[in-house]
Amino acid sequence: MKVQLMENPAAVVAQLMACFPEQRRTQVQLVGRKVVELVEGGVVTAKQLLTAAKAQSAMLNKDDGKACPRVMRWLREARWLDAAVTVTGGVTGGVTGVTGVTGVDANWRSGRAGVEAMGIHLGLGPWDEGRERLFSAYEQRVVAAFDERMRSPVDGGVYAH
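The shown structure was predicted, so the numbers you read here are calculated from the model rather than taken from an experiment. (Residues numbered from 1 in each chain as written. Predicted model: local features only at pLDDT ≥ 70, side-chain atom pairs only at ≥ 80, totals over all residues. Heavy atoms only, no water.)

Colleague: Could you clarify how one ought to interpret the environment of Glu77 in this entry?
Modeller: Along the polypeptide, Glu77 turns up in the loop between α4 (71-76) and α5 (112-121). In this structure the side chain of Glu77 is engaged in a polar contact, spanning 2.8 Å, whose partner is the side chain of Arg73. (Helix = DSSP H or I, 4+ residues; strand = E, 2+ residues; numbered from the N terminus. Polar contact = N/O pair within 3.5 Å; in protein donor to acceptor, adjacent residues only side chain to side chain.)

This is the structure in structure tokens:
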């Protein structure tokens, strides 16, 4: 990823904060430093942060923001990735989470069920012990496919340039 020097970090922070419930908009100076660190460090672009925050805004503000993390926590935990999968369909049998993929939870990387659901959605199928003895090998393949999908302009990935 090409490193982006921020021209106006305050404007980015203001737009980011506007996506969160008022009570979660704390530690503004720390948030500003973290945004600059992430963007200028090449971890994420300002556009990606804002796109993800806007995509998650309705969910973040649901029930007066009761389940919403503070902005600083959202940044530290790379929660902008929660909105990365915005395509619908594929996996069935579950509720639509932040990912927008039916049956795939927003924190799909946190457990086997989520990784397998994303693997099925991406066309890799469920884990097959005959193909990959270790689940960790399958998980790496799913994460790599997910990351590639998010960078691909053909698939409409959030990170497409």
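Colleague: In this structure, what is going on with the nonpolar core? I would like to understand it.
Modeller: Across soluble globular proteins, nonpolar side chains show a tendency to be buried alongside one another. Judged by nonpolar contacts, the single largest core of 24 residues is most densely connected at Leu16, Phe20, Val31, Val35, Leu49, Trp74 and Leu75. Only α1 (9-18), α2 (28-40), α3 (46-60) and α4 provide two or more residues apiece to this core. Val35 has contacts with Met6, Val12, Val13, Leu16, Leu49 and Leu75, leaving out every residue within four places of it along the chain. Trp108, Leu122, Val142 and Phe146 belong to the second-largest nonpolar core, a separate cluster that totals ten residues. (Core = buried A, V, L, I, M, F, W, Y, C linked by side-chain atoms within 4.5 Å. Buried < 20%, exposed > 50% of the residue type's maximum accessible area, 1.4 Å probe, protein only. Contact = heavy atoms within 4.5 Å.)

Colleague: Would you take a moment to explain the packing of α1 against α2 for this structure?
Modeller: A pair of packed helices is characterised by two quantities: the angle between their axes and the separation of those axes. Two numbers describe how α1 lies on α2: the axes approach to 10 Å, and their chain directions differ by 115°. Classified by the angle their axes make, α1 and α2 are roughly perpendicular. Considering how the two elements wind past one another, α1 and α2 form a crossing that is right-handed. Counting all contacts with α1, which are made through Pro9, Val12, Val13, Leu16 and Met17, the residues of α2 involved are Val28, Val31, Gly32, Val35 and Val36. Here the contact of α1 with α2 is built from residues that sort into nine nonpolar, one polar and no charged. (Axes fitted to C-alpha atoms, helices over the stretch in contact; angles between N-to-C directions. Parallel < 35°, antiparallel > 145°, perpendicular 65-115°, else oblique. Left-handed = near helix turned anticlockwise from the far one by under 90°. Nonpolar A, V, L, I, M, F, W, Y, C, P; charged D, E, K, R; others polar.)

Colleague: How should the side chain of Glu132 be read in this particular structure?
Modeller: Here Glu132 shows up in the loop between α5 and α6 (135-151). A polar atom in the side chain of Glu132 sits 2.6 Å from the side chain of Arg141. Not counting chain neighbours up to four residues away, the residues in contact with Glu132 comprise Trp127, Ala137, Tyr138 and Arg141.

Colleague: Explain the packing of aromatic side chains to me, please; I cannot follow it from the model alone.
Modeller: Any aromatic ring pair is given by two values, namely how distant the centres are and how the planes are angled relative to each other. Taken as a whole and assessed by the stated rule, the structure comprises three aromatic pairs. Consider the rings of Phe20 and Trp74, whose centres lie 5.4 Å apart with planes at 80°: the pair is edge-to-face. Here Trp74 lies in helix α4 and Phe20 lies in the loop between α1 and α2, a separation of 54 residues in the sequence. Each ring, one from Trp74 and one from Trp80, has its centre 6.4 Å from the other, and the planes form 65°; the classification is edge-to-face. Here Trp74 falls in the buried class, since its relative accessible area comes to 0%. (Phe/Tyr/Trp six-rings, centres within 6.5 Å; stacked < 30°, edge-to-face > 60°.)

Colleague: Could you clarify how one ought to interpret the pattern of salt bridges in this entry?
Modeller: Two side chains of opposite charge can pair, provided their charged atoms sit close to one another. If you walk through the whole model with that rule in mind, you get four salt bridges. Arg73 is the salt-bridge partner of Glu77, the closest N and O atoms lying 2.8 Å from each other. In this structure, Arg79 and Glu77 form a salt bridge, with 3.2 Å as the shortest nitrogen-oxygen distance. Among the charged side chains, a network of salt bridges with common partners joins Arg73, Glu77 and Arg79. (Salt bridge = Lys/Arg side-chain N within 4 Å of Asp/Glu carboxyl O.)

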